Structures are given as structure tokens and as C-alpha cells.
Number of protein chains: 2
Amino acid sequence: MQRIYFNEVVTRDGFQNEPAFVPTDVKVELIDALSNCGYSKIEVTSFTSAKAIPMLRDAEEVMGRIRRIPGVEYTVLVPNVRGAERALESHADEWNLVMSTSEAHNLSNLRMPREKSFSALKEVIELADGHVPINVSLSACFGCPMEGEVSQEEVLRWAERFVDLGVRGLTICDTTGMAHPSQVARMSHALRERFEQLQLTLHFHNTRGMGLANVVAAVDAGIDRFDASLGGLGGCPYAPGASGNITSEDAIHMLDVMGYDTGIDLIRLLPIARSLPDIVGHDVPGQIAKAGLITDLHPIPASVNELLKESA
Amino acid sequence: MQRIYFNEVVTRDGFQNEPAFVPTDVKVELIDALSNCGYSKIEVTSFTSAKAIPMLRDAEEVMGRIRRIPGVEYTVLVPNVRGAERALESHADEWNLVMSTSEAHNLSNLRMPREKSFSALKEVIELADGHVPINVSLSACFGCPMEGEVSQEEVLRWAERFVDLGVRGLTICDTTGMAHPSQVARMSHALRERFEQLQLTLHFHNTRGMGLANVVAAVDAGIDRFDASLGGLGGCPYAPGASGNITSEDAIHMLDVMGYDTGIDLIRLLPIARSLPDIVGHDVPGQIAKAGLITDLHPIPASVNELLKESA
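Residues numbered from 1 in each chain as written. Chains lettered and ligands numbered in written order. Predicted model: local features only at pLDDT ≥ 70, side-chain atom pairs only at ≥ 80, totals over all residues.

1. Some points on the overall build of chain A
Per the secondary structure count, chain A includes 13 helices and eight strands. In terms of overall size, chain A behaves like a compact globule, its C-alpha atoms giving a radius of gyration of 20 Å where 312 residues would be expected to give roughly 20 Å. Once the C-alpha set of chain A is aligned to its principal axes, its extents read approximately 75 × 40 × 35 Å. Here chain A holds 312 residues, and the buried ones make up 54% of them. Long-range pairs, those at least 24 residues apart, make up 72% of the contacts in chain A with a sequence separation of at least 6. (Helix = DSSP H or I, 4+ residues; strand = E, 2+ residues; numbered from the N terminus. Rg over C-alpha atoms; globule rule 2.2 N^0.38 Å. Buried ≥ 20, exposed ≤ 12 C-beta atoms within 10 Å, placed from the backbone. Contact = placed C-beta atoms within 7 Å.)

2. What about the relation of the copies chain A and chain B?
Least-squares fitting of chain A to chain B yields an RMSD of 0.0 Å, with the transformation described by 0.0 Å of translation along the axis and a rotation of 180 degrees. Expressed as an axis order, the relation between the two copies is that of a two-fold axis. Across chain A, the smallest distance between a C-alpha and the rotation axis is recorded for A213 of chain A, namely 1.9 Å. (Least-squares fit on C-alpha atoms with pLDDT ≥ 70 in both.)

3. Structural notes on the interface of chain A and chain B
The interface is formed by 47 residues belonging to chain A together with 47 residues belonging to chain B. Contributing elements (two or more residues each) for the side of chain A that touches chain B: α5 (103-110), α8 (181-194), α9 (211-220), α10 (248-257), α12 (288-291) and α13 (302-311) of chain A. Residues of the side of chain A that touches chain B, tallied by class, amount to 26 nonpolar, 17 polar and four charged. (Nonpolar A, V, L, I, M, F, W, Y, C, P; charged D, E, K, R; others polar.)

4. Considerations on the sheet that holds strand β4 (residues 94-100) of chain A
Residues and elements named next belong to chain A. Pairing is parallel around the closed barrel formed by eight strands, whose spatial order is β1-β2-β3-β4-β5-β6-β7-β8. Strand-to-strand twist across the sheet, computed as the mean angle between neighbouring axes with direction ignored, equals 25 degrees. The pairing of strand β5 (residues 134-139) with strand β6 (residues 169-173) spans four bridges and is parallel. Looking at the pairing, S137 lines up with T171 of β6. (Pairing = 2+ DSSP bridges. Axes fitted to C-alpha atoms, helices over the stretch in contact; angles between N-to-C directions.)

5. Examining the environment of S229 of chain B
Residue and element names in this part refer to chain B. Positionally, S229 belongs in the loop between β8 (225-228) and α10 (248-257). The exposure class of S229 is buried, given the 32 C-beta atoms found within 10 Å. Put simply, S229 and E43 are 186 residues apart on the chain and 9.9 Å apart in space, counted from C-alpha to C-alpha.

6. Digging into the packing of α10 of chain B against helix α11 (residues 266-280) of chain B
Residue and element names in this part refer to chain B. The interhelical angle for the contact between α10 and α11, taken along N-to-C directions, is 155 degrees, at an axis separation of 11 Å. Taken together, the axes of α10 and α11 are roughly antiparallel relative to one another. Note that α10 runs across α11; the crossing there is left-handed. Here E249, I252, H253 and D256 of α10 come into contact with α11, specifically with L266, L269, L270 and A273. Taken together, the residues of the contact of α10 with α11 break down into five nonpolar, one polar and two charged. (Parallel < 35°, antiparallel > 145°, perpendicular 65-115°, else oblique. Left-handed = near helix turned anticlockwise from the far one by under 90°.)

7. Points about the sheet that holds strand β5 (residues 134-139) of chain B
All names here are of chain B. Spatial ordering of the closed barrel is given by β1-β2-β3-β4-β5-β6-β7-β8, a layout of eight strands whose pairing is parallel. For this sheet the average axis-to-axis angle between neighbouring strands, irrespective of direction, equals 25 degrees. In the sheet, strand β3 (residues 73-77) pairs with strand β4 (residues 94-100) via three bridges, with the strands oriented parallel. Looking at the pairing, L77 lines up with N96 of β4. Sitting on the sheet, helix α6 (residues 114-128) is in contact with β4 and β5, with an inclination near 170 degrees to β4.

8. Regarding the pairing of β5 of chain B
Residues and elements named next belong to chain B. Counting buried residues in β5 gives six out of six residues, a clear majority hidden from the surface. Taking every second residue as pointing to the same face, both faces of β5 are buried, with I134, V136 and L138 on one and N135, S137 and S139 on the other. Note: β4 against β5, six bridges, orientation parallel. Counted as the bridge partner of W95 is I134 from β5.

Here is the structure:
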């Protein structure tokens, strides 16, 4: 069975977009529960300024209190050198750096041109000095909600620049759900061809319903790592009411039934997914938490059973 | 560009599962609007007994009042000989007959064994006598929520029996959202191999989030006809809160951006999709009605524009 690896992003990418603060105790309990499900990586939190993202203002405390399990990497988002120092103190297993491949998107999200982001992240990579593995998440790689098309060559150019700095992994992000399966297949083939030695992760949103179709297209093209959020949290500010990240439990369930080895225990994961609406205080987009696994059969009603006996 | 054909099922499969009656005027107006969007087929209503499905008790009136457009086939669900007589009077362009490939599902839904359903539908086909094209929709072809697995051979066996009776088309239905892309690929190849001369349609539900991934798998295997419902209506009684049929506008949008020719004018269809929550009185699962097309760009905020000028 082919192995597929999942990075659970609910407590970072998911919670970051929530309107109400999730208490630190609840975050720690959730991460500890997720640690027992078989994820290869969990993006715990972000060392951004508490003013910029108040939802994640408890980053140090969360990192200090979670129980780390061997075999799971606990990664954190590191926006700059100040964040890197905090991540270092918290002994994060990996630093995840972020910038956008679209100038307007980078200016909009990070308030600086891409070149300035690149320089700032280069400093962070130098600070890591090979002691902490670096992953770079490139945003808006399948299109920018303001600029429109972002060419594959532009994405590969930025990827190449980070590879030259010695990063371990690259996450190619469809930040606002603009990717479609043909485009994903092309991008995945190109990434595999150029960066075969790297940890290549794809990050999809289900904003336009294509999330799981994109996962299949990527897997078919040889990609074996995905970001996903429990419950499908992480909606985009450009699309109120639309879905967020692809839903971890839905993506894992699909790949499981298709015969891939995700390493994840869905029977453990499902009750955690089902607790999420209580944690965030609203319904979430995930489907199998509502519908059950395809193997969850329903009892045959007594009246039908009678008919079955007659027809046998 | 490869052509993909859509059959819009919102007013039959969609409304049939709604709790509140949609007024006849609204149904007629909706179908007339849909007729102008480029669908190859619209499943207008069902000639079931008004007692069994009160939502569609206005079948004759709806069929009598819609404006039929050349190039669009107006099909109806015909459950039995009595329904066929009504469909004949209403001059339906096609009769869609339904039975399940799972005994428990057939008993549960139609209250009779599959053999009895087959005989009843055979009578209907004889009544059509080659004057009205017949489509047979086989339910639960990718799994039964009570029996579990339904083998591909079982599906093909029932399909074969109807083909022997001279039907024009077959719709292979994933009635409760249990299909996954690998299974769909296998089934699609088998169907194409055995029934190449037939109109082959696939009918997916998005109950477990795999709907559009299944469409791509089917298209990749040479299938070019799909059922879909505006807004993704048609939830399953076994999965409260879960999605229904695949969403027409989301499926069409995906295939459009992938470069297929769906023949459908999304710019016309989208406002109709956006009117659906008002018609049914609740939110619907469709995504692009909320998120917009991937080509719907957002204006660059003034502050970002300033930064863009500086960075240029």
C-alpha cells in the first residue's frame, strides 16, 4: 500500500480564522488527542505577534504543555526572526515559513513586497543554521484572488530560490481554493521533476468544492503529503460562507477506502472531529463526521427484514 | 474540447427531499430559467402518487406549464404503469425508471423485491413500445447503506437485463454517497466496455465529500453524462446534515476550468443557484454560489495598491 502523510493544521490555520478565542486548555487537549491518531505532522501554532493574531496569543504555553509523541513532528509557523527565536525556545520540530507567490497577495497579507519577505525569511533560515528543518509554504500558487493567474513558472522560481537556501520541504498552497485537478496534475508533475529530493506537500482549500478532487489528482501525480484541517476549518475572508481547508477526516477516509495507507486511525479521529463544532461554536464543513464512514452500515428496519425473508 | 452533458435534477430529486412544498409557479419559473442555461436534459418531476411524494403532487401542471426549448430533453420519473400513462399524457421526452441493485434498499424504498420491480418496469417499457426513450436509473450501485458492498457484477447483471429490453440509457447511481474514485474508475471502464452504444450517465452524491473527485474519475474513464442538482439539494435520510446530490454549478465550474465543454452558461446559472436558498428556505451545500468562479477577481484594496506602486 502506498503511504500518504498528513499534516494536521486545525489548531493553526483553522483556529487562526475563527472569530472566538479557543481556550488554551482546549487547544492542548485537542492536540494531545490528535497526537494519538497517526498524523506525521501537526502544525501546532504560530509565533506571530499576539496583536496580529490574538487567537494564537498562547503559542508558548500551548507548545510547552502538549505531550509530544515520537513519530509526530510538531511544526510551527514562523513569520520572522523574532518568531524564530520564540520557536527555538519552544523546541519546535520544524519551522514553517510563509510567503506568497503573488505580489498583491503578499502585500495584502504580509504588508511587504515579496522580495522583502524573501530577505526576511532568508534571515530566519540562516538563524536555523541547519539545526531545525525548514519548510516553506508558498501561498496563492494556483491563483490569486486579486491578480488572477499565477504562472507555474513563477511558483517554481520562488520554490527554487528557497531550495537554494537548503530548505527541507516546500508546501504549495492553494490558499483561496482556485486550483482545479488538471492544474494540480501539471503542477505536481513539475514539482516532482524539479524537487524530487524534497518533502513536497500540497495544501488545498475546498472553497469551490474541488478540494478532494485535487487531492486525487496530486496523488495520481505522485504527491504523498497533504495539509488538511479537522472539520475543514479555515474559511477564506474573500468567500464568506464557503468552505475552508480540505477536511482531514474526509480526505483521509477517501484515501483509506481507495486503498492508500494514511497511517491514521479514523475510528479515533472521528469522535475528535465530531467534538469540533462544540469547540468553535458553529457547524463545520466536514462531511463524514455527519454521514459516517462508508463502512458504517445502518440496521435493516424490521418491516424490511420481514419483506427480505419473504423474497428470499 | 470534449463535451460533457448534464441532467439537472433539482426539481425532482432535489425537491422530493425537501420538507416544504415549493409552489407550482416557482417550480415552473425555475425550470424555465434552467432551460435557458444549456442543459441537455432536465428531470422535471415524478409521476409517483401524490400520497407517496406530496412535494411533487403538481407533476401534470408543471409539465403542462413549462416552456420547452429545442435541444433540451424534459424527462420524468416513472415508477409504474399508472405513472407511465400520466407521463404519456404529459408528453415527457423520456421516461426515467428506477430500481435498486440492493435487495434491502429496493425493499426499503419501493416496498417490493427487485424481481417484482423488474417485472413492473418491464411492463412500463412495453407500454413505451419504442415511442418514448427509456432511461433506467439503478440505485445503490456503489454500496447499500444497509447491505454494504454491492458488487460490480451485480450492477452489470441488472444493467444487462434492462439493455436486453431495449432501453436507451442507464444511470448508475451512488444513491447514498458511498462511491470513491478508484471504484468509479473501475465501474466506468466496465460500463463503457459492455454498453458503449448506450447513453451512460453517472449519478453521484457528495455525502462524504467525494462527489467531484468521482466526477473527475468518471470523466477520465470516458463517461460524459452526469446527473447533478442545483445547489446540491437531495440530502439522504441516512445522513442528516450531510450533502445531497453533487452540486450542478460546482461540477460544471470544475469541468469548465479544466477545459471541458459543458455547454452550460454559468453566468446565467449562478444567479439561479443563488436564488435557491430563498426557494427552499434554507442554506444549500453548493460552494461556488458562495465563493464565486475562480475568474471572479476581487479589487485590490487602495492601501495595497499604494504598496504595489512602491514595490514596482
